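# Residue-level structure breakdown
Chain by chain, the residues:
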Amino acid sequence: SELAPDQSAMTCHDRPKAAGPEETPDSTSKFYMTLAINVIIVLVCLLLFSVLRRKFPHVYAPRLRHPRVKNKPPAPGQVPQQPELGKIAGSSSADGLFTWISTSINTTEQVLFHTAGLDAVMMMRFFKFAMQFCAILTILGGAIIAPINFTAELSGDPWEGFDGLSLGKVAKNSDRLWAHCIVFLVANVIGLVLLYNIYKDYGELRLQHLKLQEANRFSVMVRGVPLEQGMMGASLGSASPRRMEAGSQRSDSLILTQGRELQDLFTELYGDTVIGAHMVPNTEDLDIAVEERELNFRNLEHTRAVLAENAQAGGAKANQRPMVKTGFLGLCGTKVDAEGHQSKLLISQDEAVRGLQKDAQNLQPYDSGFVTFKSIVVATMAAQMLHHHELNQWEVSEAPQPEDLFWPNFKVPLKQRLIRDVIIAIATALLVVFWTVPVLFVASISTLSNLVGILPFICPVLDLNEAVTGIIEGLLPALAMIIFFIVLPIILGLFSQLQGFVTKSKINMGVLKKLWWFYVVNLYLVSLIGPALLQTLIPEDGQPRKSAEDVANLLGEKIPAQGNFFTNLIMTKAFMVFSIDLLRIGPLIVSNLKLKFLCKTEHERQMAIEPGFLNYGVTVPAHLLILLLGLTYCVVQPIATVFSTVYFALGYLVLRYQLLYVYVPEFETGGLYWPLIYRRALSCFFIAQVGVALCLFLKGGVAQGVIILVVTAISGLFAAYMSPFADKARHLPLKCASGIAPFTPDADGFVHPSLKVKDLSSSGGVPMQPMMSSPNPGQHQPPPPPPPQHAAGGPSSRQPPPPPPLQNMSMQPLPPPPQPLQAHHSPPPHHQGGQPMPGPNHSRAPYEVQM
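Residues numbered from 1 in each chain as written. Predicted model: local features only at pLDDT ≥ 70, side-chain atom pairs only at ≥ 80, totals over all residues. Heavy atoms only, no water.

Glancing now at the nonpolar core. Counting 131 residues, the largest nonpolar core has Phe126, Phe127, Leu627, Phe648, Tyr657 and Trp674 as the members making the most contacts within it. The element best represented in this core is helix 25 (residues 673–698), accounting for 16 residues. Ignoring sequence-local partners within four residues, the contact set of Trp674 consists of Met122, Phe126, Leu195, Ile198, Tyr199 and Tyr202. By size, the runner-up hydrophobic cluster in this structure holds 20 residues, among which are Val220, Ala379, Ala382 and Val396. (Core = buried A, V, L, I, M, F, W, Y, C linked by side-chain atoms within 4.5 Å. Buried < 20%, exposed > 50% of the residue type's maximum accessible area, 1.4 Å probe, protein only. Helix = DSSP H or I, 4+ residues; strand = E, 2+ residues; numbered from the N terminus. Contact = heavy atoms within 4.5 Å.)

Structural data, given as structure tokens:
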């Protein structure tokens with residue numbers, strides 16, 4: 001019994017190390033096993049998706065019926081044609097099991113542009129570029145680099161399997177390193193040429209987008225407006241700045257007064273082309289009150305639907321009335337009748353909102369506003385002109401889409417942006433350093449033998465079946481790395497919000513920038529060099545590295561060996577991430593459970609099937625990382641580029657389908673994500689060049705490494721040449737603006753949504769209706785349709801008694817009895833006025849009534 005622990009410990013120590021080349025045959029079999037599992041997963045997911053998409057179109061093709069989608073894509077099974085007059089046409093054909101593949105691929109770029117926007121087009125352009133580029137890398141690596149590495153003879157160790165294809169097998173100071181240098185340089189030239197062609201096409205597509213007649217094209221956003229009395233006009237050198245009269249504050253609110261002053265100042269600069277201007281109000285308390293009232297209204301709507309359902313059922317259930325508790329969050333307190341309590345609460349909430357609306361218009365507004373012009377030419381000129389010589393004052397830019405505005409961040413003064421940027425940059429750097437520790441741990445346990453060295457108590461795992469250990473070694477490290485980075489976008493999104501960006505697109509772009517450097521530092525540099533450095537500091541044989549040559553030899557051996565880890569990572573992401581994302585398991589289960597058991601109103605049904613949108617700030621850095629790994633390992637471990645090609649090919653198919661049929665954009669930037677993606681794609685070339693040069697230096701290829709670093713400097717000149725392209729594509733040229741047809745924009749398009757809300761309780765007898773914007777005064781909407789009549793003598797021929805009327809309130813009539821949901825046949829719900837139901841990601845005004 002005393003010898004048993006020693007023998008078990010001896011068994012663990014005597015096991016061969018997986019890091020050495022002698023374990024190559026075993027690592028190759030594990031690689032094949034992992035590949036087989038991934039292929040099975042993707043085939044099963046594709047088959048399930050092809051079957052389920054026709055049964056649950058509200059999950060897998062919601063854009064075909066979504067009210068916010070103006071131009072519908074061609075249905076799967078239709079042959080897409082060119083769009084005419086804003087309509088997407090298609091010739092009908094049968095919707096087979098796999099026709100979604102051909103329809104997605106054959107849909108033209110112009111159809112994708114009109115139905116999903118320029119952001120989606122540029123995303124697909126990036127995937128197409130990456131797929132073509134990685135395919136070229138695969139051909140170069142398979143035809144030239146792999147044979148050269150495989151036929152190299154490195155004395156001392158038997159290199160077989162995929163390890164025999166890596167740079168690690170090439171002897172130090174070998175002439176074969178020139179092949180690696182030349183192939184890598186050729187690959188870089190091809191990649192830069194492809195990027196140049198995309199950017200050239202981007203300019204034309206961006207111009208096509210800017211020519212579209214959208215209301216925000218006629219407006220500008222002004223930030224850094226001086227709010228002191230009389231300073232607004234004086235700061236711009238106005239000849240006659242507006243001064244508030246002694247009695248003006250009694251008749252006009254402060255926000256209206258300063259809005260007129262802003263309009264007068266721009267009228268002096270641009271003449272009578274100014275339609276209107278207004279400042280952004282302080283609505284913090286009002287927003288909370290409106291949100292609470294919206295929630296209570298939805299609860300009341302649900303309660304009345306339940307009452308109608310009970311009345312429809314008849315019998316004892318017809319007399320059942322929903323009850324609620326009046327205490328904290330409805331969890332405690334006295335039980336009362338739900339409809340009466342929610343109705344009275346809605347009346348009091350209306351009064352509170354009215355008072356807060358008056359207070360918000362009398363409070364000092366934020367230092368931002370919007371100015372709307374009659375002419376798009378004048379708006380374009382105003383957005384590009386310098387209006388003040390001092391920093392952080394009178395910054396004028398193009399107005400974003402109203403749906404893109406992040407209203408809470410207008411409270412951050414423009415002068416605080418620089419300070420916040422510095423603080424967030426320091427916090428992000430500290431987070432990068434903190435994140436290095438767990439990432440280094442995951443990278444160091446890429447084999448079970450290494451994991452046993454850190455956690456000896458799991459030694460019995462090594463005695464399991466070879467298939468089990470192969471699955472663990474192949475999938476576990478890659479999955480652990482993927483899962484570990486899921487929480488990062490949430491933290492970085494909070495950082496970007498704290499920076500004070502006033503648009504959601506800027507917040508997402510901030511996440512993209514930060515997350516990209518997280519991937520570069522923690523998933524690329526740390527995983528590439530970290531394990532080798534750890535083994536330098538803590539060697540396996542217990543003998544410290546005494547010379548720099550020993551350290552260089554170890555790094556030259558271990559860095560190419562990390563190609564197996566990155567190959568497994570790319571393979572796992574290529575086969576599992578896109579296929580599982582295509583299957584949409586979460587939305588499929590959650591939406592159907594809600595539709596069957598929870599949804600009583602049309603609004604609840606619409607919210608249950610809301611598809612969401614594709615967040616480019618979170619997804620793009622992961623795609624760029626695969627491009628970086630493929631470019632780096634095209635000469636270090638050529639097998640990695642094969643799975644990089646598979647990653648972008650499968651991603652191209654999946655994302656193209658989802659952009660056409662699933663995701664509904666929350667807002668459209670008109671391709672402004674592309675300059676960010678391009679600059680980070682260009683940084684992939686710089687980083688890969690330095691990484692490959694380092695590998696060649698460690699292999700004794702000094703001349704080859706120096707040549708690659710010289711090419712890095714030449715790539716910098718290419719980046720400098722391309723830098724003006726982004727500025728030229730950002731604005732609409734005046735010559736093109738002058739040719740756009742006249743359009744009368746809405747001067748109130750950028751009014752805060754909370755200030756547009758009308759009363760819900762004192763409607764004067766008009767039924768309550770959802771609105772997207774303020775209605776014209778006196779214009780009444782038609783009442784809702786009556787409940788459907790049933791045939792005499794049928795089971796539902798008896799009309800249910802209506803609920804008791806509410807005092808001092810004219811609410812919407814009871815909805816008709818709920819019908820079985822036909823998610824794949826019935827059209828989406830619309831408001832009575834023809835406006836679509838707002839989704840959860842859409843900047844919408846709460847429900848209002850006509851006064």
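Back to the write-up after that little detour.
What follows concerns helix 10 (residues 254–270). With 17 residues, helix 10 extends 24 Å from end C-alpha to end C-alpha; this agrees with the ideal 24 Å at 1.5 Å per step. When helix 10 is considered as a whole, its buried residues turn out to be Leu254, Ile255, Thr257, Gln258, Gly259, Glu261, Leu262, Leu265, Phe266 and Tyr270. Once helix 10 finishes, Gly271 follows within two positions and takes phi at roughly 75 degrees, a positive value. (Expected span 1.5 Å × (residues − 1).)

Turning to its location among the elements, His623 is positioned in helix 23 (residues 616–632). The contacts of His623, once residues within four sequence positions are left out, are Met123, Phe126, Phe127, Phe578, Tyr647, Phe648 and Leu655.

So, about the packing of aromatic side chains. Taken as a whole, this structure holds 35 aromatic pairs when the rule is applied. Put simply, the rings of Phe126, Phe127, Phe129, Phe133, Phe578, Tyr647, Phe648 and Phe685 touch in pairs and so form one group of aromatic residues. Between Lys169 and the ring centre of Phe150, over which it is positioned, the NZ or CZ distance is 4.9 Å. Looking at Lys596, its charged tip hangs above the ring of Phe597, at a distance of 5.8 Å from the centre. (Phe/Tyr/Trp six-rings, centres within 6.5 Å; stacked < 30°, edge-to-face > 60°. Lys NZ or Arg CZ within 6 Å of the ring centre and 35° of its normal.)

Glancing now at the environment of Ala308. Its location among the elements puts Ala308 in helix 11 (residues 284–313). Overall, Ala308 belongs to the buried group, its relative accessible area being 7%. In this structure, the C-alpha to C-alpha distance between Ala308 and Lys600, residues 292 residues apart in sequence, is 9.9 Å.

Before going further, it helps to examine unusual backbone geometry. Residue Trp394 is not a glycine yet carries a positive backbone phi of 55 degrees. In this fold, Trp394 is placed in the loop between helix 13 (376–384) and strand 8 (395–398). By relative accessible area, Trp394 is classed as buried at 3%. One non-glycine residue, Arg584, lies in the positive phi region at around 50 degrees. Within the fold, Arg584 resides in the loop between helix 20 (563–583) and helix 21 (585–598).

Counting buried positions along strand 4 (residues 274–279) gives 5 out of 6 residues, so the element sits mostly inside the fold. Both strand 4 and strand 7 (residues 368–373) contribute to a ladder of 5 bridges, which runs antiparallel. Bridged to Ala277 within strand 7 is Val371. (Pairing = 2+ DSSP bridges.)

There is a patch of nonpolar side chains on the surface, built from Ile580, Ile585, Ile589, Val590, Leu593, Phe597 and Leu598 and spanning about 650 Å² of accessible area. A per-element tally of the nonpolar patch places helix 21 first, with 6 residues. Within the secondary structure layout, Ile585 lies in helix 21. (Patch = residues over 30% accessible without salt bridge, like charges linked within 9 Å, V, L, I, M, F, W, Y side chains within 5 Å. Areas by Shrake-Rupley, 256 points an atom, 1.4 Å probe, with all protein chains shown as cover. Salt bridge = Lys/Arg side-chain N within 4 Å of Asp/Glu carboxyl O.)

This part is about the pattern of salt bridges. Scanning the entire structure with this criterion turns up 16 salt bridges. For Arg125, the salt bridge identified is with Glu109, shortest N-O distance 2.7 Å. Residue Arg125 is located in helix 6 (residues 118–151), and its partner Glu109 is located in helix 5 (residues 109–116); the two are separated by 16 residues in the primary sequence. Put simply, Arg223 and Asp367 hold a salt bridge, and the shortest N to O gap is 4.0 Å. Of this pair, Arg223 sits in strand 3 (residues 219–223) while Asp367 sits in the loop between helix 12 (338–362) and strand 7, placing them 144 residues apart in sequence. The residues Arg223 and Asp367 share a single accessibility class, namely buried. The structure contains a network of salt bridges with shared partners spanning Arg304, Arg321, Asp337 and Glu339.

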